[in-house]
Every structure is written in C-alpha cells, then in structure tokens.
Amino acid sequence: AQSVTQLGSHVSVSEGALVLLRCNYSSSVPPYLFWYVQYPNQGLQLLLKYTTGATLVKGINGFEAEFKKSETSFHLTKPSAHMSDAAEYFCAVRGLSGNQFYFGTGTSLTVIP
Amino acid sequence: DTGVSQNPRHKITKRGQNVTFRCDPISEHNRLYWYRQTLGQGPEFLTYFQNEAQLEKSRLLSDRFSAERPKGSFSTLEIQRTEQGDSAMYLCASSPPASGTQYFGPGTRLLVL
C-alpha cells in the first residue's frame, strides 16, 4: 500500500534559517511524490513533484526536495526561510492505480522574525 | 486560466439535511478529484472522475455521498442526511490528461450542527 509519513507536525525556524520538512514514504512500486503548501482557508498549491529521473527536484519559491530510495525519504528543504513561508505543508504519494493520491498529516511551519 | 472554483465556500447546515457542492475544474482538464480534509489532517481521497466517468471511489465514501460529473465539465458532490462527522473541508482538484499534477480549488467548508 502507498502511504507517507510526515515527521513533526509543527516546525519552527528563524527567518533566514534552513527549512527542513521530513517525509518518508511507503510504496510497492517506484513512487510519484509531491509536496504541497496550504495557506489558511485556501486550497493546496503544488510546490514540486518527483516522477522519474533526477532525484533532486527544484520547485517554486526556492524549495527543493531530494528523492532517496535507500532511505524511502523525500524531505523538503529551503536554504533561507521567509516570513511568507509560514503555512501548512503536505507530502503526498500517488496510489497504485495512478488515480488516488495519499497525503500525509501535514507539517505546520512557523517562521520566527 | 481562472483556476479551479468551488461553491459555496462555506455551508452551515443542520444534521439530517442534504447539501450539494459544486466544483468547476480548469477547462480542458479531463480529470477531477474530490477530497475531504478534517482539522489537522491531510486531504483524504473520496472519488475520481475521468471525463464523465466515475472511475474510483474510496471506501470512505458512504452511500450517503454521491458525486456526478454529467458532461465531463463541472462536478457536484451531494451529501444526504448529513451527520456531525461530515463537518470538514471538501476539496476539489483537477488535472490535465496524462499528468500527475493536481490543481486544487479553495474548498468548501461544511459545518453540520
């Protein structure tokens, strides 16, 4: 079965500090992995996705993620946090059928000025 | 590109009433998804349409829930005999053919009293 686990429901970083949000996946097939951001009272916005090919994926707003098969991980990073990065972040994996997507429980990022 | 739109944005109803939500996907997106998101959780897959065909339904989707996409464009999600446990954010997403990227709408927040 496909699933993702996000470690840490709340992460706080200082403005300008490194952002690291953790996601581990479980998949019986090569996974398609996604990171989404959700601002209050809004829908989800795609930050980046991994399908095949290069394991380091760059997304919008300076975020990137690295697919590590040996560690079954797809952690999200950003070198320098901005106040505008404060939001909820979700990791997701595509299901076997290709039509279902399984989301983690989310990580709330707080940026401290 | 006007994005995915959902109406209404908020709905308050009494237990036992029926409610219907509408989703208008991005034009020419043939794939449409419904999710439910409760507080502190990630979105949970409910159902998937390809054009007008409903191809997958989650076991979460009880027989009180029904979704349609009559002409392969907009979709409706109806909940009959609402229960307090139905209170949640209902998210719609669409994606173009042969793409794993979903574009989410802002959601409809349902409160069942």
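What you see is a predicted model, and the numbers here were worked out from it, not measured in a lab. Here the residue index of a chain counts from 1 through its sequence in written order. Chain letters start at A and ligand numbers start at 1, both assigned in the order the entries are written. In keeping with the predicted nature of the model, local features appear solely for residues at pLDDT of at least 70, side-chain atom pairs appear and are counted solely at 80 or more, and the whole-chain, interface and lining totals rest on all residues. Excluding hydrogens and water, the side-chain values take into account all heavy atoms of the structure.

> What should I look at first to understand the overall build of chain B in this one?
In terms of helices and strands, chain B carries 0 helices and 11 strands. In this description a helix means any DSSP run of H or I spanning at least four residues, a strand means any run of E spanning at least two, and both kinds are numbered starting from the N terminus. Helices and strands in chain B line up, N terminus first, as β-β-β-β-β-β-β-β-β-β-β. Relative to the 2.2 N^0.38 estimate, which gives 13 Å for 113 residues, the radius of gyration of chain B is 13 Å and therefore close to what a compact globule would have. Along the three orthogonal principal directions, the C-alpha set of chain B runs to about 40 × 25 × 25 Å. The contact criterion used is simple: two residues touch if any of their non-hydrogen atoms lie within 4.5 Å. Counting contacts in chain B only where the partners sit at least 6 residues apart, residues at least 24 apart contribute 53% of the total. The globule rule used here is 2.2 Å times the number of residues to the 0.38 power, and the radius of gyration it is set against is calculated over C-alpha atoms.

> Would you take a moment to explain the side chain of Asn30 of chain B for this structure?
Note that Asn30 of chain B resides in the loop between β3 (19-24) and β4 (31-37). Using a 1.4 Å probe on the protein chains alone, a residue whose accessible area is under 20% of its type maximum counts as buried, one over 50% counts as exposed, and one in between counts as partly exposed. We classify Asn30 of chain B as buried; its relative accessible area is 14%.

> Which parts of the structure should I look at to understand the state of the cysteines?
One covalent bond between the sulfur atoms of two cysteine residues makes up a disulfide. Residue and element names in this part refer to chain A. The disulfide definition used here is simple: a pair of cysteine sulfur atoms within 2.5 Å. Summed over the entire model, instances satisfying the criterion amount to 2 disulfides over all chains. Between Cys23 and Cys91 runs a disulfide, and the two sulfur atoms are separated by 1.9 Å. Across the S-S bond of Cys23 and Cys91 the torsion is about -65°, and the bridge reads as left-handed. Of the two residues, Cys23 sits in strand β3 (residues 19-26) while Cys91 sits in strand β9 (residues 87-94), which places them 68 residues apart along the sequence. A residue is classified by how much of its surface remains accessible, and Cys23, at 0% relative accessible area, is buried. A relative accessible area of 0% means that Cys91 is categorised as buried.

> Explanation requested: the sheet that holds β3 of chain B in the structure shown.
Strand pairing in a sheet relies on backbone hydrogen bonds. The paired strands run either parallel or antiparallel. Residues and elements named next belong to chain B. For two strands to be treated as a pair, DSSP must find no fewer than two bridges joining them. The 4 strands lie next to each other as β1-β3-β8-β7, forming an open sheet whose pairing is antiparallel. Edge positions in the sheet fall to β1 (5-7) and β7 (65-68), since each of these pairs with one other strand and no more. Averaged over all adjacent pairs, the angle separating strand axes in this sheet is 15°, with direction ignored. As paired strands, β3 and strand β8 (residues 75-79) are joined by 5 bridges and run antiparallel to one another. Bridging across to β8, Val19 finds its partner in Ile79. Axis lines are fitted through C-alpha atoms, for helices just across the contact stretch, and the angle between N-to-C directions can take any value from 0 to 180 degrees.

> In this structure, what is going on with the interface of chain A and chain B? I would like to understand it.
If you look at the interface, chain A gives 17 residues, while chain B gives 21 residues. Buried area, as used here, totals the accessible surface that two parts lose on assembly, with accessibility defined by a 1.4 Å probe and the loss added over both. Roughly 1600 Å² is buried in total at the junction of chain A and chain B, and carbon and sulfur atoms are behind 48% of that figure. One side-chain nitrogen of Lys or Arg within 4 Å of one carboxyl oxygen of Asp or Glu is enough to make a salt bridge. Taken together, the links from chain A to chain B amount to 0 salt bridges. N or O atoms closer than or at 3.5 Å make up a polar contact, with two conditions inside protein: a donor-capable atom paired with an acceptor-capable one, and, for residues adjacent in sequence, both atoms drawn from side chains. Between the two partners, chain A and chain B, sit 5 residue pairs in polar contact (both at pLDDT 80 or more). Broken down by secondary-structure element, the contributors of at least two residues to the side of chain A that touches chain B are β4 (33-38), β5 (44-50) and β10 (101-103) of chain A. Partitioned by chemical class, the residues of the side of chain A that touches chain B number 7 nonpolar, 9 polar and 1 charged. Residues were grouped as follows: Ala, Val, Leu, Ile, Met, Phe, Trp, Tyr, Cys and Pro as nonpolar; Asp, Glu, Lys and Arg as charged; and all remaining residues, including Gly, as polar.

> Honestly, empty space enclosed by the protein in this entry has me stumped. Any pointers?
Over the atoms, a rolled probe matching the size of one water molecule traces out where space is still vacant. Cavity and pocket criteria rest on a 1 Å grid covering protein atoms alone: a 1.4 Å probe that fits but cannot get out defines a cavity, protein on both sides within 12 Å along at least 5 of 7 lines defines an open pocket, and an atom within 4 Å of a point defines a lining residue. Grid points are joined across faces, edges and corners, and a volume is the space filled by probe spheres set on the points. Within this structure, the stated rule accounts for 1 cavity of 30 Å³ or more. Taken as a whole, the largest cavity holds about 30 Å³ of empty space. Looking at the largest cavity, the residues that line it are Asn41 of chain A together with Arg9, His10, Met89, Pro106, Gly107 and Arg109 of chain B. Here the residues of the lining of the largest cavity sort into 2 nonpolar, 3 polar and 2 charged.

> Explain the sheet that holds strand β6 (residues 56-58) of chain A to me, please; I cannot follow it from the model alone.
Residues and elements named next belong to chain A. In spatial order, the strands read β1-β3-β8-β7-β6; together these 5 strands make up an open sheet with antiparallel pairing. The sheet terminates laterally at β1 (3-7) and β6, the two strands that pair on one side only. Neighbour-to-neighbour, the strand axes of this sheet turn through a mean angle of 20°, independent of strand direction. Sheet analysis places β1 next to β3, joined by 5 bridges and oriented antiparallel. Across the sheet, residue Gln6 finds its bridge partner in β3, namely Cys23.

> Whenever I open this one, the nonpolar core confuses me. Can you help?
The tendency in soluble globular proteins is for nonpolar side chains to be buried as a group. Buried Ala, Val, Leu, Ile, Met, Phe, Trp, Tyr and Cys residues form a nonpolar core when they are joined through side-chain atoms within 4.5 Å. In this structure, Trp35, Leu48, Leu76 and Tyr89 of chain A are the most contacted members of the largest nonpolar core, which totals 26 residues. Residue assignment for this core shows that the elements contributing at least two residues are β2 (10-14), β3, β4, β5, β7 (64-68), β8 (73-78), β9 and β11 (107-112) of chain A. Residue contacts for Leu76 of chain A: discarding those within four places in its chain leaves Val19, Leu20, Leu21, Trp35, Leu47, Leu48, Phe63, Glu64, Ala65 and Tyr89 of chain A. In terms of nonpolar packing, the next biggest core, distinct from the first, is built from 19 residues, Val19, Leu32, Phe65 and Leu110 of chain B among them.

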